[in-house]
Amino acid sequence: MVQQQQQQQHRIYILQFRKGEPEQEVACKVSQAKGAGRRVMYYYQDYGGGGGGGGKSGKTVQSKALSLRRILAMLLLSLLCVGTLFVAPVSFLSFVHTDDGGAEAAAATAARRGVSGPCLAVGNDSLCCDRSSERADICFARGDLRMHSASASFQLVSGNSTAEEERIRPYTRKWEANVMATIDEVRLRRVSPGEAARCDVRHDVPAVLFSTGGYTGNVYHEFNDGILPLFVTANHLRRRVVFVILEYHDWWITKYGDVVSQLSAFPPIDFTADRRVHCFPEVIAGLRIHGELTVDPAKTPEGKSIGDFRRLLDDAYRGRIEFLERLERRAARKRHRRRTVPRAQLAPPRHTSLQDRPRLVIVSRTGSRVIENEADVAALAADVGFDVRVIRPDRTTELCKIYRELNASDAMVGVHGAAMTHFLFMRPGKVFIQVVPLGTDWAAGAYYGEPAARLGLRYVGYKILPEESSLSREYPTGDPVLTDPAGVAQSGWDVTKKVYLDRQNVRLDLARFREELVRAHQYLAAGRRRRPRASV
């Protein structure tokens, strides 16, 4: 019973307050805001006391009357920490967090793991920025760090009189000047004790600062520019980290809270809205990114891969999926009880071959790049031998429900676009068929095809012929738009987007597409035959 309680997840709603607004005890119920201060709601997963440091990192600074008690507690905690470091040092030391005397050892360990860069190890009272990547800058600071959102800065409080300041826009598309100009800039600067802001909340874990601005709102960018880099940067900290978010969005926390809670045991902080001074022993500003929808084991502190990220998604959504399944079983029992036909007269369950058929999910689009003969494609897949499902995700669709559908699927079919990011939800060994419209060959392969193969999926890029494109009804035969998309693309991204992304639908040649479906079905059937049978 105790073990079950420890494993149970509780979704807890918390409120942040602007500095100066009265503090309140807030549990699961949310009271109405009082006063002029804006309050920001978020949630996090608490793991019921079952380890992992879940719950509360920030400690509000107390009055001096408690100083003796705090000193004794700190001495006791220090003794416990010293003992713990010999048992599990990784839980207490971040990738760049090492004792002053251990910087060389940490650098050697990082080098053995294939991790490189100018900031291999950061000692106490120091600041270092790695700007060597074309994709993103990342800065590290260790010591007495104080978040001062009023001046858009983190203060490194130091007796060192040397002036030092670094500036960073913590977003992972460094090469795109236009979008980077929309990201808030944060300063990391060394200050004297006399200049430092007074701590309102103390944390005993590092902070990771990143932005959910830029292209956030597009699921590809949400994963590629945010969630995956967050995994790369923070996973080795074992949830002992506080996320500080620029351009904070309540909807983003709601959408990705299940995933974020697997990386941090603590509520995130809205950098702009929370005017309290949060104090940290270490700050990592910015995120590491390895490429398109991927995790490179050679560049992570613990050799983690995209497969490890996939397992994190499993852990993130398991509880919610089990809850949805309980609701469905309860609804099924209610429907069964409403039946007036005696049980003996009920028709026996149909023993169809659907249960033995591999499941194929068609990810449907609206607007542009629509499969105009989608119903025919679904019927064709069923005729080939698939159990066919069609899903139409939109901005309001709960991510867990999409994950549940694709995690249980054997094959996924969709037209090139951001929704293809959901291949991350499929299990290795399954089939991903991406319909590649005219003018999208390179992007389809680089953004989805190659990453899917690295995840362990069997990737099929179905490149349409000009006659399968709706553009064949707008342009005459032989027009460069139909015969030379690569040449048209040289006119610039705006032309490519307007012609090939925004105005193109597809009507698949059923005979051609059938060949791909048959091959996918044969591959999956062969995989099932190779799978060892469970012993009776």
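Just above sits the structure.
Our subject in this report is the structure included herewith. Predicted model only: the values in this text are computed from it and were never measured. Within each chain, residue numbers correspond to sequence positions counted from 1 in written order. With the structure being a predicted model, the display of local features is reserved for residues of pLDDT at least 70 and the display and counting of side-chain atom pairs for 80 or more, all residues being used for whole-chain, interface and lining totals. Calculated side-chain values reflect all of the structure's heavy atoms, with hydrogen atoms and water omitted.

### What to know about the state of the cysteines
Stage number 1. Cysteine sulfur atoms that pair up within 2.5 Å are treated as a disulfide. Counting across every chain of the model gives three disulfides.
Stage number 2. Covalently, cysteine 199 is tied to cysteine 279 through a disulfide, its sulfur atoms 1.9 Å apart. Disulfide cysteine 199 to cysteine 279: torsion about the S-S bond roughly -105°, handedness left-handed. On the criterion of sequence distance, the pair formed by cysteine 199 in the loop between strand S8 (186–191) and strand S9 (201–202) and cysteine 279 in strand S13 (residues 278–285) is long-range, its members being 80 residues apart. Secondary structure follows DSSP: runs of H or I at least 4 residues long count as helices, runs of E at least 2 residues long count as strands, and numbering of each begins at the N terminus.

### Here's the deal with the pairing of strand S10 (residues 207–211)
Stage number 1. Exposure is judged per residue with a 1.4 Å probe applied to protein chains only, and the accessible area is read against the type maximum: over 50% gives exposed, under 20% gives buried, and values in between give partly exposed. Burial within S10 is extensive, with five of its five residues counted as buried.
Stage number 2. Going residue by residue along S10, you find Ala207, Leu209 and Ser211 tucked away on one face and Val208 and Phe210 tucked away on the opposite face as well.
Stage number 3. A pair of strands is treated as paired once DSSP finds two or more bridges between them. In terms of strand pairing, S10 meets strand S11 (residues 242–246) through five bridges, oriented parallel. Looking across to S11, one finds that phenylalanine 210 is bridged to isoleucine 245.
Stage number 4. When the strands point away from the viewer and the connection leading from the first strand across the helix to the second strand turns clockwise, the crossover is called right-handed. Taken together, S10, helix H5 (residues 219–234) and S11 constitute a β-α-β crossover, and its handedness is right-handed.
Stage number 5. Inspection of the sheet shows S10 paired to S13 by three bridges, in the parallel sense.

### Some details on the packing of H5 against helix H7 (residues 306–338)
Stage number 1. Every axis in this analysis is a line fitted to C-alpha atoms, fitted for helices over the stretch in contact. Angles between the N-to-C directions lie between 0 and 180 degrees. Direction vectors running N to C along H5 and H7 enclose 95°, while the axes themselves pass 11 Å from each other. Taken as axis vectors, H5 and H7 run roughly perpendicular relative to one another. Residues Phe223, Ile227, Leu228 and Phe231 of H5 form the contact with H7, whose participating residues are Ile306, Asp308, Phe309 and Leu312.
Stage number 2. Here the contact of H5 with H7 is composed, by residue class, of seven nonpolar, no polar and one charged. In what follows, roughly perpendicular refers to angles from 65 to 115 degrees, roughly parallel to angles under 35, roughly antiparallel to angles over 145, and oblique to any angle outside these ranges. Contacts are assigned to residue pairs that have any heavy atoms within 4.5 Å of one another. When residues are grouped by polarity, Ala, Val, Leu, Ile, Met, Phe, Trp, Tyr, Cys and Pro land in nonpolar, Asp, Glu, Lys and Arg in charged, and all others, Gly among them, in polar.

### A look at the side chain of aspartate 410
Stage number 1. Mapped onto the fold, aspartate 410 is located in the loop between helix H9 (399–407) and strand S16 (411–415).
Stage number 2. Between N or O atoms, a polar contact is any pair within 3.5 Å; within protein, one atom must be a potential hydrogen donor and the other a potential acceptor, and residues adjacent in sequence are included only when both atoms are from side chains. For aspartate 410, the side chain forms a polar contact with the side chain of lysine 430, separated by 3.0 Å.
Stage number 3. Aspartate 410 has contacts with Pro358, Arg359, Met426, Arg427, Lys430, Val431, Leu524 and Arg528, leaving out every residue within four places of it along the chain.

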